Amino acid sequence: MKAKFNIYILSIFLLISFSCDEKLNQFPTNAFASDTFWTSETNAMIALTGLYRGNIVYGTQVVPTDWWTYCGIVFLEFATDNSYDRRGDNSTYNRLTDGTLLPNNNVVLGYWTGSYRRIAIANDFLENIESATMPVDSRNRMRAEAKFLRATQYFYLSQFWGSVPLVVNTLTPDEANNVSLASKQQIVNFVESELLESIENLPRYSALAASEIGRASKQAALAFLARLYLGEREYTKAAATYRQIIEFGDNIIDSDYKSLFYPANENSRENIFSVQFVSGFAANALPQHAYPAMSSGWHIINPTGSLAEAYGFEDGSPFSYDDPRYSTADMGANRDPRFRDTFLWDGTTFGGRTYVCHPDSTQSVDQLTYSKQATRTGYGLRKFFDESFSGNLITDYGGNVPIIRYAEVLLGYLEAVMEAGEPITQELLDQTINQIRGRMSVGLPPITETNADQLRPILRNERRIELAFEGIRLWDIFRWGIGGEVLTGDFWGAAFPNSTRLPQVSRKPDPLHRWHVTTKNFRVGVDDKWPIPEAETNINPNLLQ
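Reference entry: report on the structure contained in this document. (Residues numbered from 1 in each chain as written. Predicted model: local features only at pLDDT ≥ 70, side-chain atom pairs only at ≥ 80, totals over all residues. Heavy atoms only, no water.)

Section: the overall build of the protein
The helix and strand inventory of the protein stands at 21 helices and 10 strands. Taken over C-alpha atoms, the radius of gyration comes to 23 Å for the protein, in line with the 24 Å a tight globule of 545 residues would show. Seen along its three principal axes, the alpha-carbon backbone of the protein occupies a region of about 70 × 50 × 45 Å. Here the protein, with 545 residues, has 61% of them falling under the buried criterion. Partitioning the contacts of the protein with sequence separation of at least 6, the portion at a separation of at least 24 is 71%. Carbon and sulfur atoms form 49% of the exposed surface of the protein, whose accessible area is close to 19600 Å². The averaged location of the 63 negative side-chain charges in the protein is 2 Å from the averaged location of its 49 positive side-chain charges. (Helix = DSSP H or I, 4+ residues; strand = E, 2+ residues; numbered from the N terminus. Rg over C-alpha atoms; globule rule 2.2 N^0.38 Å. Buried < 20%, exposed > 50% of the residue type's maximum accessible area, 1.4 Å probe, protein only. Contact = heavy atoms within 4.5 Å. Areas by Shrake-Rupley, 256 points an atom, 1.4 Å probe, with all protein chains shown as cover. Lys, Arg positive; Asp, Glu negative; His and termini not counted. Charge placed at Lys NZ, Arg CZ, Asp CG, Glu CD.)

Structural data, given as C-alpha cells:
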C-alpha cells in the first residue's frame, strides 16, 4: 500500500497551481498567498509535497518536464550507448550526443526548466516556512528537505551545464531577466554546503515511518553528496561519504533484482529514494511508452546491442557471439540473470504473450524494421514492469522509479576507494561489488581482481548493467570522459544470422549479422557540456556561455 505521504499529492491537484511558463524570468511564482496560507504545519506539508512534485507531469510526455519524471530518468538513456529512441535519429534525445546538439534542443530546455521551477518553489518555501506554526523539530526537518531538494537540482545543473545562475531567493521578473552566471565551482560549493546542512536535520532511512515513504533521509542526502564528490573527482571525500551510508546499516542489497522495480517491492530497503507514483491518481505512464506493440505499447525504448553485449554469461565470463553458450534461438540462455530481467528479445514471453521481433516476421506488429511502431534494435524493455499488470497503460500503473539505490552506493564506494589510490582488498570487493553480483537472484561468481587498472573496466561495466535505464549512464560517460570512445561510430542491435531479410534491409552490413541502428559522432569538449537554452539567452544575454 502506498504511504500516507503520497496522499498529499492528491491535495496538491486540488489546492495548488504553479506557473508552467518555460522561461526563467517567469519563475518563481506560485498560488500560495503568504498571509493566509503559511499558518499551519498541515499547510506547510502541502507546500512541501508540491516541492517534491516539482515539475513532474503525470501521464505521457514528449520531452522531460523534470529530472524525476520517468521520462527524465529512463529516456535520458537514449543519449547513451544503452538505448535508442524509436522516434529516430531526429529525436532531440539522440541529438544530445550525435554531434548535432544546439541551444534550441527541447530536451535540454525541459531539464533546465524543471530544475529552476523546483528551485523557485524551494526558495519560496524556505522564505515562508518560518511563518507556519509547528514544532521546531518539524520545521527543521522540512527546511532540511527543501534544502536537499534544491541542492539536487543544482547538482544536476553543475554536472550537465557547469556554470549556471545561482538563485537562492524569490526574484522579481526584472531581476530574473538579468541574473548572471555563477562559476561551476560556486555551484558545487553551494550544493556541498546545502547537503551537509540538510543531513544534520534529516532522519535516517530506518527512522522513516510507513506514512513517510518518499521523503528524504540522511542516506538520500549523503548519496547525492557522494555523487557530487565523484563528479568532481574528490574521491577521498566520496569514499568517506559513501562509508557513512554503509556504516548506518539501514539499507540492503535485495535478494531479488527484478522485483525492486515492481510495485509490490518498491519499498525495499535497497531503494533509498524513489519517484513516487500512485495508480489512478499520479500514475506512471512508462508502460504506454515502453510496452511492445503486441501489448498496446509504443515501444519507444529500444536497448542497444552494445548494452546487451555488456552482460556476460552466468559463470561471470564475458559475452562472445562465438561462445557455444550463446544461442541465437534464445538470446537470454546462459546469461547473467539480469539480462533476462532487463530485456525482451525475439521469442521470449511478456505478459503471457510471445514477443516476435525477427526481421523476417513480416506479419508481427513488433517486427524489427525502420518503419513500424516497434523495436529498432531487436530488443525491448522488460525492467520496471510487473507482467501481471493488466490495467490502463497510462493511468493505472503505480510502480515507483528509483533515483538512489543501495547498489549504486556500494559501486560508488568501491570506485571512490579505487580512484583515491587506496589498496583494493578482497574484503572491500566482497563488501561492495560482490554483494551485488552475489544477490540470490543473480548468483554470479565473486570478483577477485585487486589491481586498479584491471578492476576499473570490470567495475564500470558492472555499474552499467546493474543501473541500466536508471538515468545514470550519461553522467557516468561525461565524468569518465569516455564519450569519444562509446558514443562515436556505428550502433548495432541484435544479431539474426539466419535471417533472409536482414541483409537486404539493414542499412549497413555486419559480419555478426546484427541490425544497424544508427551512427553517432560525439564531439569531445562540446557535447559533454550542455548549452544554456536559447529560450533563456534570448531573454537574458548575461546567460551566454
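Once the structure has been displayed, the description carries forward.
Focus on the environment of S158
Position of S158 among the secondary structure elements: in helix α6 (residues 136-160). We classify S158 as buried; its relative accessible area is 1%.

Things to note about the packing of aromatic side chains
Inspection of the entire model under this criterion finds 45 aromatic pairs. Judged by centre distance (5.9 Å) and plane angle (85 degrees), the rings of Y70 and F75 are edge-to-face. The exposure class assigned to Y70 is buried, which follows from its relative accessible area of 2%. Overall, F75 belongs to the buried group, its relative accessible area being 0%. A centroid spacing of 5.8 Å and a plane angle of 80 degrees characterise the contact between F75 and Y93, whose relative ring orientation is edge-to-face. Here F75 is found in the loop between α4 (70-74) and β1 (83-85), whereas its partner Y93 is found in the loop between β1 and α5 (106-128), with 18 residues between them in sequence. (Phe/Tyr/Trp six-rings, centres within 6.5 Å; stacked < 30°, edge-to-face > 60°.)

Thoughts on the pattern of salt bridges
Oppositely charged side chains are able to pair whenever their charged atoms sit close together. Counting across every chain of the model gives 41 salt bridges. R143 serves as the salt-bridge partner of E130, at 3.4 Å between the closest nitrogen and oxygen. Pair noted here: E130 is in the loop between α5 and α6 and R143 is in helix α6, with a separation of 13 residues, a long-range link. A relative accessible area of 46% places E130 in the partly exposed class. Since its relative accessible area comes to 23%, R143 is described here as partly exposed. The closest approach of N and O atoms between R456 and D453, which form a salt bridge, is 3.4 Å. Linking R456 with D453, this pair stays in helix α17 (residues 452-466), spanning 3 residues, or about one helical turn. Overlapping salt bridges, with partners in common, bring together E270, D336, R338, K383, R405, R437, R439, E462, E466 and E470 in one network. (Salt bridge = Lys/Arg side-chain N within 4 Å of Asp/Glu carboxyl O.)

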